[in-house]
Each structure stands twice: as structure tokens, then as C-alpha cells.
Amino acid sequence: MIIQQEKGEIILEGVKCLDLALTLDCGQAFRWEEQADGSWSGAAYGKFLNIRKDGEQFALKTTLEDFNAVWHNYFDLDRDYEAICDKLKEDRLVASTIDEYYGIRILNQDPWEALVSFVISQQNNIKRIKGIIKRLCDKYGEEICEGWCSFPSAETLSSLSVAELENIGTGYRGKYIKKLADDVASGKIDLEKIKNMSLKDAKAALLDIYGVGIKVANCALLFGFQFIECFPIDVWMKRVLEFYPEGLPECFKGYEGIAQQYLFHWARNNL
């Protein structure tokens, strides 16, 4: 990967397997918006980014400092997705899916934001999830730039009442978010410690959290805690698993989460 600085932008060359629409709008992150010019704007880790693809290059409106500190890891640019996809394509179904939807990556999101976001996602659709999270950030986050605020901290959300959380549309999930914020802010729940556990122990720790079930835990582990081997199962993936009566194929091992994203996208569009 070649990195250049031009006119206030970071230009990336040689990045393989990154489709912005498929990655940013597939249901793993909820703060990205496609712009009229085809670029995407979003926020993570308290930073704003606009990113677009120009031919074989990606142009990021950010500083080199923020690129190195946030966006390089956020887009998982050190992982060889080309080689991983070649390995996954040993499975016939995934092979056809990768050929059709090539370019899905797993974003390395902030554990706190991912966990709260997937608590909000329970019994919800993507449009509504995005609306709730936008209201949460606009009302309680800190301004990053015009029109964009940071995701509010655990300390900020802990200072709110359940009613205040419910008033932005969280519904019954408000009480879950309040308890989670209280426990993270007090140190009772240590998200960084969970991130460094084994997958088995990390999953058990998340399932001990009030309001967190298996689907929320698995999604948070994959998208916020960087457990790339985690394989979330929802109604779509239950249908997909019917194609694998003997279990997941060996070629998925270690990259189950990447395979899951391709299969999930295929299922939503074909089943």
C-alpha cells in the first residue's frame, strides 16, 4: 500500500478488496452516509472522515496523523483480504458470493460504540438504528465538525436517566443502555480487558451484561472487539446454515467472521 499526501487528503494506492458501499452500509456500522458525489462520510473514535474511490485510488479527507492513529486500523488495512478471500473460495457457495460482492471488510470499531449500537439494534431495522444513533450522538456527543458529533462516552450516558434515553427512540433498550453505561463508567465492566480475553471468555463476559443476548454479543465481538473468528447467527444466517448440514467448512477457520459477512449479504439479496 502506497500512502501520499495531496491537497489536504491522504491518497491510498494498492488497497485490494475494499468496496465502500458494501463495507460501510452492510449493517456492521451505523454512522456512514453516502454523499451526492458518491463519497462516504462518517465518524469513529471522535474523528470525522470523508472517503471516496477514484479509479484504483482511495482519497481520504483527513490528516496523516489521524489516518495513522484511527483510519489505518479502522479499515483493517494490514490484513491481507485478497489472500483470505482466495482461501474462503475453496467453498463453492462463498466463492460465488465473493465473486459477486467482492470488497467486504470487517471494520475495527470502538468496542463501546459497537456494543451500544448492537444493543440498540435488537428487534430493529437498519434505518431506524441509524436514526437512533444519530440522535444519540447529536444530543449527547461532542461536536467534531459541522453536522458531526462524537459517539457519547459511557460517563455521559451514565449521567442520563432511562427516560432521557427512551426519549430519543431507544424504547425498552433504554434501560439496557443505562445499566451498561453505569457499569462501564464505574469500571465494573472493563471493555479493554474483555477485548484481550479468549473468544470463549469474552463471549461469556458479554453475555453476563444486562440486555445482551447471543446475537448482540457475537456482533459486538466481531465488529467491535476484533474477534475475526466470530460467526454471528441471525434469521438470515440460520437459513444459510441449512447449506452446511455438516458444519462450517475447514477453509473458514480463523476467518469465520469474514465468511459470515459475505454469506449474510448473499442471503439478504437471494433468500
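Scroll up for the structure.
What counts, and where the lines are drawn
- Residues numbered from 1 in each chain as written.
- Predicted model: local features only at pLDDT ≥ 70, side-chain atom pairs only at ≥ 80, totals over all residues.
- Heavy atoms only, no water.
- 1 Å grid on protein atoms, 1.4 Å probe; cavity = no way out; pocket = protein on both sides within 12 Å on 5 of 7 lines; lining within 4 Å.
- Points joined across faces, edges and corners; volume = space filled by probe spheres on them.
- Nonpolar A, V, L, I, M, F, W, Y, C, P; charged D, E, K, R; others polar.
- Helix = DSSP H or I, 4+ residues; strand = E, 2+ residues; numbered from the N terminus.
- Salt bridge = Lys/Arg side-chain N within 4 Å of Asp/Glu carboxyl O.
- Buried < 20%, exposed > 50% of the residue type's maximum accessible area, 1.4 Å probe, protein only.
- Contact = heavy atoms within 4.5 Å.
- Polar contact = N/O pair within 3.5 Å; in protein donor to acceptor, adjacent residues only side chain to side chain.
- Patch = residues over 30% accessible without salt bridge, like charges linked within 9 Å, V, L, I, M, F, W, Y side chains within 5 Å.
- Areas by Shrake-Rupley, 256 points an atom, 1.4 Å probe, with all protein chains shown as cover.

Colleague: An account of empty space enclosed by the protein is needed here, citing residue identities and associated values.
Modeller: Enumeration over the complete set of coordinates arrives at two cavities of 30 Å³ or more. The computed volume of the largest cavity comes to approximately 40 Å³. Around the largest cavity, the lining residues are Ala29, Phe30, Arg31, Trp32, Ala43, Ala44, Tyr74, Gln109 and Glu113. Partitioned by chemical class, the residues of the lining of the largest cavity number six nonpolar, one polar and two charged. Looking at the second largest cavity, its volume works out to about 30 Å³. As for the second largest cavity, its lining consists of Leu12, Leu18, Ile51, Phe58, Leu60, Phe67, Trp71, Phe75 and Leu77.

Colleague: Can you tell me about the layout of surface pockets, naming the residues and giving the values?
Modeller: If you add up the space inside the largest pocket, you get close to 560 Å³. If you go around the largest pocket, you meet 28 residues; those closest to its centre are Ser121, Lys215, Cys219, Asp234 and Phe264. A total of five residues in the lining of the largest pocket trace back to one element, the largest contributor, which is helix α12 (residues 214–224). When its residues are assigned to classes, the lining of the largest pocket shows 15 nonpolar, ten polar and three charged. Roughly 220 Å³ of volume is contained in the second largest pocket. In terms of lining residues, the second largest pocket is bounded by 13 residues, among which Lys188, Ile189, Ala205, Asp208 and Ile209 are the most central. Within the residue set of the lining of the second largest pocket, elements represented by two or more residues are α9 (173–186) and α10 (191–195). The leading source of residues in the lining of the second largest pocket is α9, at three residues.

Colleague: Go over the pattern of salt bridges, please, and point to the residues and values.
Modeller: Applying the stated rule across the entire model yields ten salt bridges. Where Lys178 meets Asp182, a salt bridge forms, and the shortest distance between an N and an O atom there is 3.3 Å. Here the residue Lys178 and the residue Asp182 both occupy positions in helix α9, the gap between them amounting to four residues, near one helical turn. On the basis of relative accessibility, which here comes to 18%, the residue Lys178 falls in the buried class.

Colleague: Any details on the environment of Asn124? Residues and values, ideally.
Modeller: Assignment of secondary structure puts Asn124 in the loop between α5 (111–120) and α6 (126–140). For the pair Asn124 and Thr170, spaced 46 residues apart in the sequence, the C-alpha separation amounts to 9.9 Å. Once residues within four sequence positions are removed from consideration, Asn124 is found in contact with Ile129, Ile132 and Arg173. Looking at Asn124, its side chain comes within polar contact range of the main-chain oxygen of Ile120, at 3.0 Å.

Colleague: Could you give an account of the side chain of Asn218, with specific residues and numbers?
Modeller: Locating Asn218 in the fold gives a position in helix α12. Judged by its relative accessible area of 6%, Asn218 falls in the buried class. A polar atom in the side chain of Asn218 sits 3.2 Å from the side chain of Lys203. Setting aside its immediate chain neighbours within four residues, Asn218 contacts Lys203, Cys230, Phe231 and Pro232.

Colleague: Tell me what's going on with a nonpolar patch on the surface, and back it up with residues and numbers.
Modeller: There is a patch of nonpolar side chains on the surface, built from Met1, Ile3 and Leu64 and spanning about 240 Å² of accessible area. Examined against the element boundaries, Met1 turns out to sit in the segment before β1 (2–6). Take Met1: its relative accessible area is 45%, and that puts it in the partly exposed class.

Just distances and angles here, no functional claims.
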